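# Coordinate analysis (summary)
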Amino acid sequence: MVFENPLIKDILEKYRVIWALGHAMALMGWDSETYMPREGVKDRAVARAELALLQQQLLLKPELVELVEKADKIENLNDYEKGVVRVLKRSIRIAKALPPWLVAERAKVTQEAMVVWREAKARNNFELFKPYLEKIFDLSRKTADYLGWEKHPYDALLDLYEEGLKTEDVDKILGFLKNNLKQIIDKVLSEGRFPREHPLEKIQYDVRKMELVNQKILEILNYPMGTRGRLDTSAHPFTIDMGINDVRITTRYEGVDFKRTMFSVIHEFGHALYQLQIDPSLAYTPIGEGVSLGVHEGQSRFWENIIGRSREFVELIYPVLREHLDFIKQYTPDDLYYYFNTVKPSFIRVDADEVTYNIHILLRTELEKQALTGEVKIPDLPELWNDYMEKLLGIKPRTYSEGILQDIHWSMGSIGYFPTYTLGNIIAASMRYAMENEIKLKEKIANSEFKIIQDWQRSKIHRYGSTYPPKVLLRKAIGVDYEPEHLIKYLSEKYLSAP
Ligand code: MG
């Protein structure tokens, strides 16, 4: 048995209803993005807000809080039991720190801001969004102050997405990447072996045939379609879990440039696999979830980039692509490899390749930090954004929509979220080197032995859910936590030396 301590068992008993509410809200969220009729949106928002409030009240019930405090003093808990106490203590601390007026104000402002952001982006009008962005940074600063911080207010916000992450960690990681990435980008572009564009980007595909391709790829990757998972269509691809046995992914079909939908499927598959491989005995508990956004993104980037964009994988799926997509027969696996791995400085983060991607994160993180402390005023942000882009990638956005207004995150109040994308890229590269040593990764991809790769992930990372904090888990699994040198090594090997 994983949980033996009677006090912990008591806590878990009380926690089940909180889990059940989470389960219901996840299903409601999935439905909102996939099949719900459009006008259902208002009632759904009301229902979800009510349930979220109820969940919060249950979490802060004195009986539960007291049990957690008591359990925190027990000395001989096992790792899983300690994990339960750590995760609940953290949730309770965060919930207690934020006054109800602030929670309500944030909810109200971000709900409006998301609508205004959409319009501002469509109309290329920063003035429209500016007052909301000012309010959001102001509320974020207040949030940080209520949560508490020592060296930098950004610390408090980072921790919400990546437990224990500090501004100084982020500065160190991004500082290292900045210098090294610039060199790699310049070299890849001047060598020209990886093209900036590819004719396949313009080729239209039949959506129904592409659906078959996506399903076939998920089958190759052992996704339990229909038994524990589903693939549906939504405006923005995502993964959502209703627990350990119902983990769903979505994609979208642009009708052109088939790698977009294909890699979004492989990316979301990586997220889903994490949840699917959590130890079943952690079900209904606070630790039956992936531990952080960075570790989660590490899993998705690993499948999308390290596996999905490798030569071995291209060779493996080539027959599937050729069978379903008529236009593929004009191209060799080698052509496809370069189509999957174009490199060019671009304005839009979500379209960026592996080499330039982290520059986009660097920029946002720098601006977030400065806007949060007030070092930079919100009206000056667009100009700063553009200057930064020009300095780092040599291109200057011509519109707000391809500059500061491109991402939804700030309108949602998600300040401190962006760095977790880069952590994910770093973790994926570290996993690659650990696996290469232990299980000969490339050989396994070439032979379609994905089960062995997945077993590695399960036994080292996935099965623990949130039992250990991110850094502890990573050190146990791969010997390091966030090691940017691995990402630089991976990119150099792939883009600069290999033939
Ligand atoms: Mg992701």
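Above this note sits the structure.
Keep in mind that what you see is a predicted model, and the values were worked out from it rather than measured. (Residues numbered from 1 in each chain as written. Predicted model: local features only at pLDDT ≥ 70, side-chain atom pairs only at ≥ 80, totals over all residues. Heavy atoms only, no water.)

A separate point is the coordination of the magnesium ion. Every protein donor of the magnesium ion is listed here as His267 (NE2), His271 (NE2) and Glu297 (OE), and their distances to the metal cover 2.2 to 2.3 Å. In terms of primary sequence, the donors binding the magnesium ion are separated according to H-x3-H-x25-E. Placement of histidine 267 in helix H10 (residues 259-276) and of glutamate 297 in helix H11 (residues 293-307) is noted, with a sequence separation of 30 residues between them. Note on glutamate 297: relative accessible area 7%, which makes it buried. (Donors = N, O, S within 2.8 Å, 3.2 Å for Na, K, Ca; no water. Helix = DSSP H or I, 4+ residues; strand = E, 2+ residues; numbered from the N terminus. Buried < 20%, exposed > 50% of the residue type's maximum accessible area, 1.4 Å probe, protein only.)

Throughout the structure, instances matching the rule amount to 25 aromatic pairs. On the basis of an interplanar angle of 85° and a centroid distance of 5.8 Å, the ring pair of phenylalanine 302 and tryptophan 303 is categorised as edge-to-face. Residue phenylalanine 302 is classed as buried on the basis of its relative accessible area of 0%. Seen from the ring of tyrosine 132, lysine 135 lies directly overhead, with NZ or CZ sitting 5.3 Å from the centre. The ring of tyrosine 357 carries the charged tip of arginine 301 above its face, separated from the ring centre by 4.5 Å. (Phe/Tyr/Trp six-rings, centres within 6.5 Å; stacked < 30°, edge-to-face > 60°. Lys NZ or Arg CZ within 6 Å of the ring centre and 35° of its normal.)

Time to look at the pattern of salt bridges. Working definition: two side chains of opposite charge can pair if their charged atoms are close together. The final tally for this structure, using the stated rule, is 42 salt bridges. In this structure, the salt-bridge partner of glutamate 254 is arginine 252, at a minimum N-O distance of 3.2 Å. Relative accessible area serves as the criterion here: at 31%, glutamate 254 is assigned to the partly exposed category. The network of salt bridges with common partners includes Arg86, Arg90, Arg93, Asp159 and Glu163. (Salt bridge = Lys/Arg side-chain N within 4 Å of Asp/Glu carboxyl O.)

At their nearest, the axes of helix H6 (residues 126-147) and helix H14 (residues 357-373) sit 9 Å apart, and the two run at 75° to each other. Considering the angle they form, H6 stands roughly perpendicular to H14. Across the interface between the two elements, Phe137, Ser140 and Arg141 from H6 touch Glu368, Ala371, Leu372 and Thr373 from H14. (Axes fitted to C-alpha atoms, helices over the stretch in contact; angles between N-to-C directions. Parallel < 35°, antiparallel > 145°, perpendicular 65-115°, else oblique. Contact = heavy atoms within 4.5 Å.)

Right, let's get into the sheet that holds strand E3 (residues 247-251). A sheet is described by the order of its strands in space; here 3 strands give the open sequence E1-E3-E2, paired in mixed fashion. Unpaired on one side and paired on the other, strand E1 (231-233) and strand E2 (239-241) mark the two borders of the sheet. Geometrically, the sheet is characterised by an average inter-axis angle of 30° between neighbouring strands, direction not taken into account. Where E2 meets E3, 3 bridges bridge the pair, whose relative direction is antiparallel. Its bridge partner lying in E3, aspartate 241 is registered against valine 247. Contacting E1, E2 and E3, helix H1 (residues 6-34) crosses the sheet at an angle of about 50° to E1. (Pairing = 2+ DSSP bridges.)

On to the environment of methionine 28. Here methionine 28 lies in helix H1. For the pair methionine 28 and alanine 45, spaced 17 residues apart in sequence, the C-alpha separation works out to 9.6 Å. In this structure methionine 28 touches Arg44, Ala47, Arg48 and Leu51, once residues within four positions along its chain are discounted.

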